[in-house]
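Listed here are the chains, written in short residue letters.
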Amino acid sequence: MENAGTVRIQYPDLIGTERGRDLPSDVFASLSGGLHFCRAVYYTTTQGETLDGEHSLSDGLPDVLFRPDRATLAPMPWEPGYQSCLGDMLDPATGLAIGECPRGAAKAAVHRLAALGSRAVVGPELEFFLLSERDGAWARYGDSPGNVYRVGRRGDPDGLAPALLAMLRSAELGVTAVNHEFAAGQFEVNLGHSAALDAADRAFRFKHAVREFAAQRGLSATFVGKPFNEEAGSGFHLHLSLLDENGRNQFAADGAPAGLSATARHAVGGILRHARALCALLAPTVNAYRRLGPDTLAPALADWGLDNRSTMVRVPPERGEATRLEVRLGDAAASPYLAVTGVLAAVALGIEGRIEPPDPVRGYGYDGARAPALPETLDAALDALAADDEFADAAGKDLVAAFDRVKRDETARFRRWVTDWELREYLPHL
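Residues numbered from 1 in each chain as written. Predicted model: local features only at pLDDT ≥ 70, side-chain atom pairs only at ≥ 80, totals over all residues. Heavy atoms only, no water.

## Looking at the sheet that holds strand β2 (residues 18-24)
- Spatially, the four strands line up as an open sheet ordered β2-β1-β6-β5, and their pairing is mixed. Both edges of this open sheet fall to β2 and β5 (74-75), since each of them pairs with a single strand only.
- Bridge count for strand β1 (residues 6-12) against strand β6 (residues 82-85) is four bridges, and the pairing is parallel. Along β6, the bridge assignment pairs Val-7 with Gln-83. (Pairing = 2+ DSSP bridges. Helix = DSSP H or I, 4+ residues; strand = E, 2+ residues; numbered from the N terminus.)

This is the structure:
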């Protein structure tokens, strides 16, 4: 049903879900300060339970102030008459950004690099599955084998890819490509590069748009990293470059080894040094560690290579103004804001500390003798995050503490849950 004019306020929580409120356009236009929400939303689990502690139950469920960023107003073509507006969460008493706000953390990471004379440019790539529910189980859309990167109706019988591309373009998300991915029912969307915060904003809105697109067609879209044992996972790759004040690419260096500047090497060095801590933010679910591993085209080691898709950080072959890093660690379920925050924090530390990376991997990777292993569980990644004080300071101590609080509860609940694997493995025999 058409709406005369509505603005959907949206903001990210710590688990990557969008939260918000719908306002009539005239009410939104008259806002002089902002909107109040309950701060405990940052301590609400995927199952709707509210965790105890500071800024939550123990503090009486206090308010937080949402201040809209009107520069982010954009159409929502799947809801006629609607616009989306993002913003930041502030402490009502001080007017300062709260530590739990992922968008505020991304802003802070951008500012840290700016103080070093660098402007971060990011191009996100995200993969996801389209699913239908049949007899209480999830089935992949277009579920037939051999449709790897297929175009047309053979891998996409209902023509959803062109419809999705048209909708996303109308939503002003800067989408540059949509394609069928490796697995049945799996798609990838590339978003054009832009300033890091804008890229995180567009990736956040994109994930909401895809879920709405699917729901309107009786389907579900999932960005879970490894929803099926027998299929490849879904990643969230970030292409990153740094520009100087004149807009020149700071990663490019004609005549240097591999055409990479010292800044590029130090950026890689920072990412690799803090890779284990970074893993918690870029692979933030128990499931994400099913995707990471040898021979998966997802990383298993903290390594890098030149045009090498078996490494965690790939340097694509283009040079000059197109010189960039591709960080391949991200799980599709990661929050775009936390992913950008973590990568930029690690890059800043690398540049500040002039950290030199090891030699790039040659040939097929996954040789554990050549590079440190990434964490194999979310618990291990959270331990690495807790142990890396330098990275936590750069990403935001309060953000990291809040994230740890939510995710430790998640891993504790998982450890208590009886899984299908246990029933299948043991019930018939023991």
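## Brief notes about the UniProt feature "domain: GS catalytic" (unreviewed entry) in the chain
- On the UniProt side, "domain: GS catalytic" (unreviewed entry) is annotated at positions that read residues 102-430 here.
- For residues 102-430, the helix share is 40%, the strand share is 16%, and the end-to-end C-alpha distance is 46 Å. (UniProt positions renumbered as here; feature names shortened; annotations may be inferred.)

## Quick look at the nonpolar core
- Judged by nonpolar contacts, the single largest core of 120 residues is most densely connected at Phe-206, Ile-271 and Phe-391.
- If one sorts the elements of this core by residue count, helix α8 (residues 336-352) sits on top with 12 residues.
- A domain split of this core shows at least three residues from each of domain 1 (6-100) and domain 2 (108-400 + 408-416). (Core = buried A, V, L, I, M, F, W, Y, C linked by side-chain atoms within 4.5 Å. Buried < 20%, exposed > 50% of the residue type's maximum accessible area, 1.4 Å probe, protein only. Domains from an automatic or database assignment.)

## Examining the layout of surface pockets
- Within this model, the largest pocket holds a volume of roughly 1,700 Å³.
- Those elements that provide at least two residues to the lining of the largest pocket are α4 (196-215), β13 (220-222), α11 (397-416) and α12 (420-426).
- Sorting elements by how many residues they give to the lining of the largest pocket places α11 first, with five residues.
- Class assignment of the residues belonging to the lining of the largest pocket gives a composition of 12 nonpolar, 11 polar and 12 charged.
- The two domains that each donate at least three residues to the lining of the largest pocket are domain 1 (6-100) and domain 2 (108-400 + 408-416).
- The computed volume of the second largest pocket comes to approximately 580 Å³.
- Taken together, 25 residues form the lining of the second largest pocket, with Glu-127, Tyr-149, Glu-181, Leu-297 and Arg-328 sitting closest to its centre.
- Secondary structure elements with two or more residues in the lining of the second largest pocket: β8 (119-134), β11 (186-191), β14 (236-243) and α7 (288-291).
- Broken down by element, the lining of the second largest pocket gets its largest block of residues, three residues, from β11. (1 Å grid on protein atoms, 1.4 Å probe; cavity = no way out; pocket = protein on both sides within 12 Å on 5 of 7 lines; lining within 4 Å. Points joined across faces, edges and corners; volume = space filled by probe spheres on them. Nonpolar A, V, L, I, M, F, W, Y, C, P; charged D, E, K, R; others polar.)

## Side note on the sheet that holds strand β3 (residues 35-38)
- Taking strand neighbours across the sheet as the criterion, the three strands line up as β3-β4-β7 in an open arrangement whose pairing is antiparallel. Each having just a single partner strand, β3 and β7 (87-90) make up the two edges of the open sheet. Each adjacent strand pair in this sheet contributes to an overall mean axis angle of 35°, direction not counted.
- The sheet contact formed by strand β4 (residues 63-68) and β7 spans four bridges and is antiparallel. The residue of β7 that forms the bridge with Pro-68 is Gly-87. (Axes fitted to C-alpha atoms, helices over the stretch in contact; angles between N-to-C directions.)

## A closer look at the pairing of β11
- Burial of β11 is extensive: six of the six residues sit out of reach of the surface.
- What you see with β11 is no split at all: Gln-186, Glu-188 and Asn-190 on one side and Phe-187, Val-189 and Leu-191 on the other are buried throughout.
- Bridge count between β8 and β11: five bridges; the pairing is antiparallel. Bridged to Phe-129 within β11 is Gln-186.
- Here strand β10 (residues 175-180) pairs with β11 via five bridges, running antiparallel. Across the sheet, the residue bridging to Asn-179 is Glu-188, located in β11.
- Adjacent in sequence and paired antiparallel, β10 and β11 are bridged by five residues, among which Gly-185 carries a positive phi angle near 80°.

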